[in-house]
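Listed below, chain by chain, are the residues.
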Amino acid sequence: PIGSILHKQKLLLTPHLKSESIDLELNPGDDCAQFEVPMSRFSQVLFNILKNCVESLSAPAHRTEDRFRPLIRVDLSSGEDGCRVEIHDNGPGVADEYKEKIFETFYSGKKEGTGLGLAISRKIVESYGGTLHTADSDLGGACFILAIPSRDHREFGADQFLSSTKEKENNG
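Residue positions are given per chain, counted from 1 along the sequence in the order it is written. Per-residue local features of the predicted model are confined to residues with pLDDT of at least 70, and side-chain atom pairs are confined, for both listing and counting, to 80 or more; whole-chain, interface and lining totals are unaffected and use all residues. Neither water nor hydrogens contribute to the side-chain values; these are computed over all heavy atoms in the structure.

Caption draft 1: Here's a closer look at the packing of aromatic side chains. Only the six-membered ring of Trp is used, alongside the rings of Phe and Tyr, when aromatic pairs are assigned; centres must lie within 6.5 Å, and planes under 30 degrees apart are stacked while those over 60 apart are edge-to-face, with the rest tilted. Applying the stated criterion to the full structure yields two aromatic pairs. Arranged with centres 5.4 Å apart and planes meeting at 75°, the rings of F42 and Y128 form a pair that is edge-to-face. With a gap of 86 residues between them, F42 in helix α2 (residues 39-58) and Y128 in the loop between α3 (117-127) and β4 (131-136) connect regions that are remote in the sequence. Taken as a pair, F42 and Y128 share a single burial class, namely buried. Secondary structure counts use DSSP, requiring at least four H or I residues in a row for a helix and at least two E residues in a row for a strand, with both numbered from the N terminus. Residue burial is assigned from relative accessible area. The probe radius is 1.4 Å, only protein chains are included, and a residue is buried under 20% of its type maximum, exposed over 50%, and partly exposed in between.

Caption draft 2: The arrangement of the state of the cysteines in detail. Cysteine sulfurs are considered disulfide-paired once they come within 2.5 Å of each other. As enumerated under the stated definition, the model contains zero disulfides in all. Here C143 stays unpaired: no disulfide links it, and the sulfur of C53, its closest cysteine neighbor, is 8.8 Å away.

Caption draft 3: The arrangement of the sheet that holds strand β2 (residues 71-79) in detail. Strands qualify as paired when DSSP identifies two bridges or more between them. A sheet is described by the order of its strands in space; here five strands give the open sequence β1-β2-β3-β5-β4, paired in mixed fashion. Lying at the two open borders of the sheet, with one neighbouring strand each, are β1 (23-27) and β4. Taken over all neighbouring pairs, the strand axes of this sheet differ in orientation by 15° on average, direction set aside. Lying on the sheet, helix α1 (residues 2-19) is in contact with β1, β2, β3 (82-89) and β5 (142-149); it crosses β1 at an angle near 175°. In what follows, a contact means two residues having at least one pair of non-hydrogen atoms within 4.5 Å. Orientation is described by lines fitted to C-alpha atoms, with helices fitted over the stretch in contact, and by angles between N-to-C directions that extend from 0 to 180 degrees. Lying on the sheet, α2 is in contact with β1, β2, β3, β4 and β5; it crosses β3 at an angle near 20°.

So this is what it looks like as C-alpha cells:
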C-alpha cells in the first residue's frame, strides 16, 4: 500500500531530515493509504520527489529567516477514480516556466543534479496510467501531485504494468 511506502521513505530520509531540521508530515487521508501500487516503482517515485523537496529546503539561500521551519507535507486522498498524493513544501517553489521543464530528461536546476529523477518518476507514474505534475503549494513552495487511477479506471497497459511489477517484486 502507498501509505507503507511513504512511511518507509520517511524512515530512509530521517537522518537527513534531522540534520537539516526539516519536518515531514504524513497525512494518510481516508482509504488512500491502503491503495495498492507497485512497491519498488513507487518507492523510487516518492523517494525522488521527497529528495528534491529536502534538497530545495536544505539550500542555504532559503534559510535566511531565523524563524523559518522547513516543512514537507504529504496529503493522500482518494476518490472513486483513484488516489491522489500531494507532496507540498515551503521552499522556494518552481517558477511557472520550469513547471514542465523539470520533468524533461537531463534537465536539472541543481548544480549536481542529473536531470533523471523527476523524468523517471513521471514515466513510472504514466506507465501505471497516472499523472505527475507540479503546482504552487499552499505552504508557499512547490507541490508535486500524483494522480493514480484505481483498477477500474486504468487503461489496458497499466494493468499489465501492475501485474508484471508485482510478479517481479514477488520473485526478486
